[in-house]
Amino acid sequence: MSAAMDTESTYSGYSHYSGHSKKAHRQGSRDRHKSPRSKDGSRSEKSVTIQTPPAEPLLGNDTSRAEEGQDDNWGETTTAITGTSEHSISQEDIARISKDLEDSVGLDCKRYLGLTVAAVLGLLVFLTPIAFILLPQILWRDDLEPCGTVCEGLFISVAFKLLILLIGTWALFFRQPKADLPRLFVFRALLLVLIFLFVFSYWLFYGVRILDLKDTNYQGIVQYAVSLVDALLFIHYLAIVLLELRQLQPMFTIKVVRSTDGESRYYSLGHLSIQRAALVVLENYYRDFTVYNPALLTASKSRAAKHMAGLKVYNVDGPGNNASGQSRAMIAAAARRRDSSHNELYYEEADHERRVKKRRARLVVAVEEAFTHIKRLQAEEQQKAPGEMMDPREAAQAIFPSMARALQKYLRTTRQQQYHSMESILQHLAFCITNNMTPKAFLERYLNPGPTLQYDRDRWFSKQWTLVSEEAVTSGLQDGVVFVLKCLDFSLVVNVKKIPFIKLSEEFIDPKCHKFVLRLQSETSV
Amino acid sequence: MAFVPGQPVTAVVQRIEIHKLRQGDNLILGFSIGGGIDQDPTQNPFSEDKTDKGIYVTRVTEGGPAEVAGLQIGDKIMQVNGWDMTMVTHDQARKRLTKRNEEVVRLLVTRQSLQKAVQQSMLS
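Conventions adopted
- Residues numbered from 1 in each chain as written.
- Chains lettered and ligands numbered in written order.
- Predicted model: local features only at pLDDT ≥ 70, side-chain atom pairs only at ≥ 80, totals over all residues.
- Heavy atoms only, no water.
- UniProt positions renumbered as here; feature names shortened; annotations may be inferred.
- Helix = DSSP H or I, 4+ residues; strand = E, 2+ residues; numbered from the N terminus.
- Contact = heavy atoms within 4.5 Å.
- Areas by Shrake-Rupley, 256 points an atom, 1.4 Å probe, with all protein chains shown as cover.
- Buried < 20%, exposed > 50% of the residue type's maximum accessible area, 1.4 Å probe, protein only.
- Buried area = accessible area lost by both parts, 1.4 Å probe.
- Nonpolar A, V, L, I, M, F, W, Y, C, P; charged D, E, K, R; others polar.
- Pairing = 2+ DSSP bridges.
- Axes fitted to C-alpha atoms, helices over the stretch in contact; angles between N-to-C directions.
- Core = buried A, V, L, I, M, F, W, Y, C linked by side-chain atoms within 4.5 Å.
- Polar contact = N/O pair within 3.5 Å; in protein donor to acceptor, adjacent residues only side chain to side chain.
- Parallel < 35°, antiparallel > 145°, perpendicular 65-115°, else oblique.
- Left-handed = near helix turned anticlockwise from the far one by under 90°.
- Patch = residues over 30% accessible without salt bridge, like charges linked within 9 Å, V, L, I, M, F, W, Y side chains within 5 Å.
- Salt bridge = Lys/Arg side-chain N within 4 Å of Asp/Glu carboxyl O.

You'll find chain B entered in an unreviewed UniProt entry as Tax1-binding protein 3, with Ficedula albicollis given as the organism. Entered under Function (unreviewed entry) in the UniProt record, the comment concerning chain B runs "May regulate a number of protein-protein interactions by competing for PDZ domain binding sites."

Labelled according to an unreviewed UniProt entry, chain A appears under the name Vang-like protein, originating from Ficedula albicollis. Here chain A is described in UniProt, under the heading Sequence similarities (unreviewed entry), as follows: "Belongs to the Vang family." Recorded in UniProt under Subcellular location (unreviewed entry), the annotation for chain A is "Cell membrane".

Attention shifts here to the overall build of chain A. Helix and strand content of chain A: 17 helices and 6 strands. Partitioning the intrachain contacts of chain A with sequence separation of at least 6 by distance along the chain shows that 74% fall at a separation of at least 24. Carbon together with sulfur atoms contributes 58% to the accessible area of chain A, which is approximately 35400 Å² in total.

Turning our attention to the overall build of chain B. When you go through chain B residue by residue, the secondary structure sums to 3 helices and 8 strands. The order of helices and strands in chain B, counted from the N terminus, is β-β-β-β-β-α-β-β-α-β-α. By the burial criterion, 38% of the 124 residues in chain B qualify as buried. Across chain B, every contact between residues at least 6 apart in sequence was considered, and the portion connecting residues at least 24 apart equals 65%.

Right, let's get into the UniProt feature "transmembrane region" (unreviewed entry) in chain A. Residues and elements named next belong to chain A. Following the UniProt record, the feature "transmembrane region" (unreviewed entry) maps to residues 112-134, 154-173, 185-205 and 225-245 here. Helix makes up 100% of residues 154-173 and strand 0%, with an end-to-end C-alpha separation of 28 Å. The distance separating the terminal C-alpha atoms of residues 185-205 is 31 Å; by composition the span is 95% helix and 0% strand.

Let us now look at the interface of chain B and chain A. When the parts of a complex come together, some accessible area is lost, and that lost area is often used as the size of the interface. Each partner contributes to the interface: chain B provides 19 residues, whereas chain A provides 8 residues. If you sort the residues of chain B by the area they bury against chain A, Gln39(B), Asp40(B) and Gln43(B) come out on top, with a joint share of 36%. The element best represented in the side of chain B that touches chain A is strand β4 (residues 31-34) of chain B, accounting for 4 residues. For the side of chain B that touches chain A, the class distribution of residues is 5 nonpolar, 10 polar and 4 charged.

Residues and elements named next belong to chain A. As summarised here, the arrangement of the 5 strands in space is β2-β1-β5-β4-β3, forming an open sheet in which the pairing is antiparallel. With one partner strand each, in any of the chains shown, β2 (264-269) and β3 (466-469) form the two edges of the open sheet. Averaged over all adjacent pairs, the angle separating strand axes in this sheet is 25°, with direction ignored. Running over the sheet, helix α11 (residues 274-288) touches β1 (252-258), β2, β3, β4 (482-486) and β5 (491-498) and is turned about 50° from β4.

What follows covers the nonpolar core. Note that soluble globular proteins tend to have their nonpolar side chains buried in a common cluster. Residue and element names in this part refer to chain A. Judged by nonpolar contacts, the single largest core of 30 residues is most densely connected at Trp 465, Phe 483 and Leu 485. Taken together, the elements giving at least two residues each to this core come down to β1, β2, α11, β4 and β5. Beyond its immediate stretch of four places on either side in the chain, Trp 465 contacts Leu 282, Tyr 285, Tyr 286, Leu 485, Lys 486, Cys 487, Phe 490 and Leu 492. Trp 140, Leu 144, Leu 162 and Leu 232 belong to the second largest nonpolar core, which has 28 residues in total.

As a further point, take the pairing of β4(A). For a regular strand, side-chain orientation follows a simple rule: the groups alternate between the two sheet faces. Residues and elements named next belong to chain A. Covered by surrounding structure in β4 are Phe 483 and Leu 485 only, the residues Val 482, Val 484 and Lys 486 on the alternate face being uncovered. Judged from the 4 bridges that link them, β3 and β4 form a sheet pairing that is antiparallel. Looking at the pairing, Leu 467 lines up with Leu 485 of β4. The antiparallel pairing of β4 with β5 creates a hairpin that spans 4 residues between the two strands.

All names here are of chain A. Along the polypeptide, Asp 288 turns up in helix α11. C-alpha of Asp 288 to C-alpha of Leu 453: the two residues are 165 residues apart in sequence and 9.1 Å apart in space. A distance of 2.7 Å separates the side chain of Asp 288 from the side chain of Tyr 267, its partner in a polar contact.

This paragraph deals with the packing of helix α15 (residues 392-413) of chain A against helix α16 (residues 422-434) of chain A. All names here are of chain A. In the contact formed by α15 and α16, the axes pass within 9 Å of each other and the chain directions differ by 125°. For the element pair α15 / α16, the angle class is oblique. In the crossing of α15 with α16, the sense of the turn from one axis to the other is right-handed. On the side of α15, the interface is formed by Pro 392, Arg 393, Ala 395, Ala 396, Gln 397, Ile 399, Phe 400, Met 403, Leu 407 and Leu 411, while α16 contributes Met 422, Glu 423, Ile 425, Leu 426, Gln 427, Leu 429, Ala 430, Ile 433 and Thr 434. Its residues assigned to classes, the contact of α15 with α16 comprises 14 nonpolar, 3 polar and 2 charged.

All names here are of chain A. Only one face of β1 is covered, namely the face carrying Phe 252, Ile 254, Val 256 and Arg 258; the face carrying Thr 253, Lys 255 and Val 257 is uncovered. Relative to β2, β1 is paired through 6 bridges, and the arrangement is antiparallel. Note on β2: the bridge partner recorded for Val 257 is Ser 264. Count of turn residues in the β1/β2 antiparallel hairpin: 5 residues, of which Gly 262 carries a positive phi of about 75°. As defined by bridge partners, β1 adjoins β5 across 7 bridges and the pair is classed as antiparallel. Note on β5: the bridge partner recorded for Thr 253 is Lys 497.

A few words on a nonpolar patch on the surface. Side chains of Ile156(A), Phe160(A), Leu163(A), Leu166(A), Ile167(A), Trp170(A) and Phe174(A) sit close together on the surface and give an oily, nonpolar patch of about 790 Å² of accessible area. Within the element layout of this structure, Phe174(A) appears in the loop between α8 (149-173) and α9 (186-211).

On to unusual backbone geometry, then. For residues other than glycine, phi is negative in most cases, and the peptide bonds are mostly trans. For Asn436(A), which is not a glycine, the phi torsion comes out positive at approximately 60°. Inspection of the secondary structure puts Asn436(A) in the loop between α16 and α17 (439-447). A residue is classified by how much of its surface remains accessible, and Asn436(A), at 54% relative accessible area, is exposed. Even without being glycine, Asn81(B) reaches a positive phi, approximately 55°. On the basis of relative accessible area, Asn81(B) is assigned to the partly exposed category, the value being 27%.

This is how it looks when you write it as structure tokens:
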């Protein structure tokens with residue numbers, strides 16, 4: 001009985017959470033059923049108790065169910081999984097689910113609202129000059145003064161200016177939005193308001209002065225329309241300057257540091273709002289930072305755990321809860337203790353480096369040897385091929401086994417193995433063979449961890465970002481502003497510094513003034 | 001011994017009288033000099049102020065007339081027979097010291113220890 005319980009330590013079942021989760025196939029969400037009558041109080045603190053609905057369990061659990069009722073000692077004979085790891089996995093699941101829900105529902109409305117408002121306004125603005133010109137013709141054609149070549153010239157100019165305006169607006173504004181910003185884009189909103197007020201005031205004037213009074217001076221009306229189009233072109237120029245040109249000149253240098261491993265980069269930016277600066281940082285993050293690898297952080301975490309586990313504080317003087325005194329005592333004791341963890345770290349790192357170098361050497365040799373087995377057939381030779389001809393994929397599959405072991409061992413040592421599946425390696429090999437790359441070029445992808453963009457989207461660990469800032473995110477960058485871009489597993493801390501004011505003065509050097517003399521030090525005996 | 005341009009140079013000096021020794025056709029004094037206004041003062045190991053372009057004693061031969069008279073290595077020569085040696089070229093200094101018709105040269109030399117000795121005696 002107890003032997004059966006020994007081997008059957010975990011079995012998966014449906015929990016409340018995984019029922020809603022979109023990632024129900026994740027291996028991490030295995031939960032233990034536990035009988036409510038657990039004997040040891042402290043053990044139940046560590047284990048997760050999840051009441052499952054009386055639905056059918058997945059695997060054949062009937063035997064164990066029956067035995068649970070009879071075996072009083074199941075708590076001692078089963079392997080215990082500490083509750084902390086299970087807690088954290090299920091918490092992650094919950095967090096991811098809630099974020100997925102948020103994604104799908106609300107925020108697209110805001111974006112589409114902005115777009116539709118802008119589109120409607122743009123259409124209105126475009127049709128206004130045409131309306132100004134056409135309305136008198138439609139409404140009181142017979143009363144209008146005849147207006148010959150001058151008007152026709154003005155018609156042509158209106159037409160071309162509208163065409164230029166149309167092309168300019170298309171080039172500037174009709175672009176696929178590449179990001180979803182938390183707050184509205186202040187300059188765009190200001191421009192839209194400005195355009196609206198402008199066109200509104202023109203319509204007001206037109207309606208009151210021209211439509212009501214049925215003005216007969218058609219040339220004046222057409223010139224009024226031309227002035228509107230000119231002013232719209234100037235507003236377009238203003239839009240270019242505000243939206244595009246102003247932030248081109250670099251004014252600030254920002255330092256981006258990743259919180260988990262301290263990798264940092266510097267970028268130069270102009271006058272941007274905090275949210276747009278965050279956007280620039282994120283766009284560059286995917287290209288410049290090496291991919292986040294949680295497997296590389298385990299070493300420092302274990303060291304930290306060892307530091308904490310070393311000391312225990314006992315309060316012998318009474319029930320007084322002197323928490324700060326306790327922690328200070330712990331820190332002082334830890335400082336005085338002669339631990340040799342630095343020694344361990346040094347030797348461990350040296351050892352790891354040696355191992356990595358050895359594996360790397362083996363890998364390079366294996367790959368070079370594998371590549372020598374393949375030869376590209378030229379076009380003429382393809383007719384009279386000696387053996388069977390293979391396309392790149394088959395060629396890759398043919399030479400892959402000889403290097404697979406060395407590659408896998410190397411990836412294991414550098415903890416990159418989950419980023420490269422066999423399929424992706426084969427694809428990359430076929431790609432390299434097709435493009436005549438050398439073994440070194442093939443290996444470049446595996447020897448150094450590359451930027452996040454290089455890998456599969458599932459492995460990114462960083463898709464949903466939150467901007468955390470003490471100042472309003474639409475305010476501009478200032479010297480000393482700090483904001484944080486958080487995603488689920490890590491965060492990027494961004495620090496803004498102003499580029500100093502540079503005083504450059506000139507100094508003219510005459511080419512003829514470069515003269516030299518020997519340094520003498522003679523010693524004479526007298 | 002630092003000199004301020006425009007101000008007279010003051011120093012505690014010692015009088016040293018060297019009787020030249022005849023060696024064959026030459027009269028030798030038994031020491032070597034370095035420095036001069038045409039030389040590089042920063043390479044002088046004996047001077048306190050590295051802009052001092054004066055004449056310094058760089059070597060004293062053992063048992064020679066200079067050692068007998070009390071000249072020490074590192075001394076700065078201020079006057080030779082009344083002629084100033086603080087603002088002369090290296091060659092001019094050599095010539096002043098090696099005049100063929102003089103058998104005795106009277107030098108005024110200064111060194112750090114002289115200044116210190118005077119200060120200590122003033123204090124005590």
